[in-house]
Amino acid sequence: YDVAGARSGAIGGALVSCVCMAALSLAVGIDAQEHPGLQVGLMWVCFILGECGGILAGLGINGWMWHYPCQQMFVVGLCNGAQQGSSLAG
């Protein structure tokens, strides 16, 4: 995030989250009787990476703090509200 910037970090986080959601949908289709370890391992890894990607994508809104210096707490509130809402919905 610090090296690439808010925009690139948000795009990368969204892509990681999207790929992990696609992999989770494939993991659900794996026969649990034949490959239980593969299904559990794939779901565990994709869930953790997808959550990290979502958090990184949500942090992209913090780049707006420099554009609106008088409303920095509003921007922080939007970021925190998005993170809390995503964990509530997920």
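What counts and how
Residues numbered from 1 in each chain as written. Predicted model: local features only at pLDDT ≥ 70, side-chain atom pairs only at ≥ 80, totals over all residues. Heavy atoms only, no water. Patch = residues over 30% accessible without salt bridge, like charges linked within 9 Å, V, L, I, M, F, W, Y side chains within 5 Å. Areas by Shrake-Rupley, 256 points an atom, 1.4 Å probe, with all protein chains shown as cover. Salt bridge = Lys/Arg side-chain N within 4 Å of Asp/Glu carboxyl O. Helix = DSSP H or I, 4+ residues; strand = E, 2+ residues; numbered from the N terminus. Expected span 1.5 Å × (residues − 1). Buried < 20%, exposed > 50% of the residue type's maximum accessible area, 1.4 Å probe, protein only. Contact = heavy atoms within 4.5 Å. Disulfide = S-S within 2.5 Å.

1. Notes on a nonpolar patch on the surface
- A cluster of nonpolar side chains, namely Val16, Trp44, Val45, Phe47, Ile48 and Leu49, defines an oily patch on the protein surface of about 580 Å² accessible area.
- Tallying contributions element by element places helix H2 (residues 36-58) first for the nonpolar patch, with five residues.
- Checked against the element boundaries, Phe47 lands in helix H2.

2. Points about helix H1 (residues 6-28)
- The end-to-end C-alpha separation of H1 is 33 Å, in line with the 33 Å expected for 23 residues at 1.5 Å each.
- Looking at H1, one finds that the buried residues are Gly9, Ala10, Gly13, Cys20, Ala23, Leu24 and Ala27.
- Packed against the buried residues of H1 are H2.

3. Focus on the state of the cysteines
- In total, this model carries zero disulfides according to the counting rule given.
- Not part of a disulfide, Cys46 finds its nearest cysteine sulfur in Cys20, a span of 4.9 Å.

4. What to know about H2
- Between its first and last C-alpha, H2 extends 33 Å over 23 residues, near the 33 Å set by a 1.5 Å rise per residue.
- Along H2, the positions that sit buried rather than exposed are Gln39, Cys46, Gly50 and Gly53.
- Along its buried surface, H2 packs onto H1.

All quantities given are derived from atomic positions and should not be read as evidence of function.
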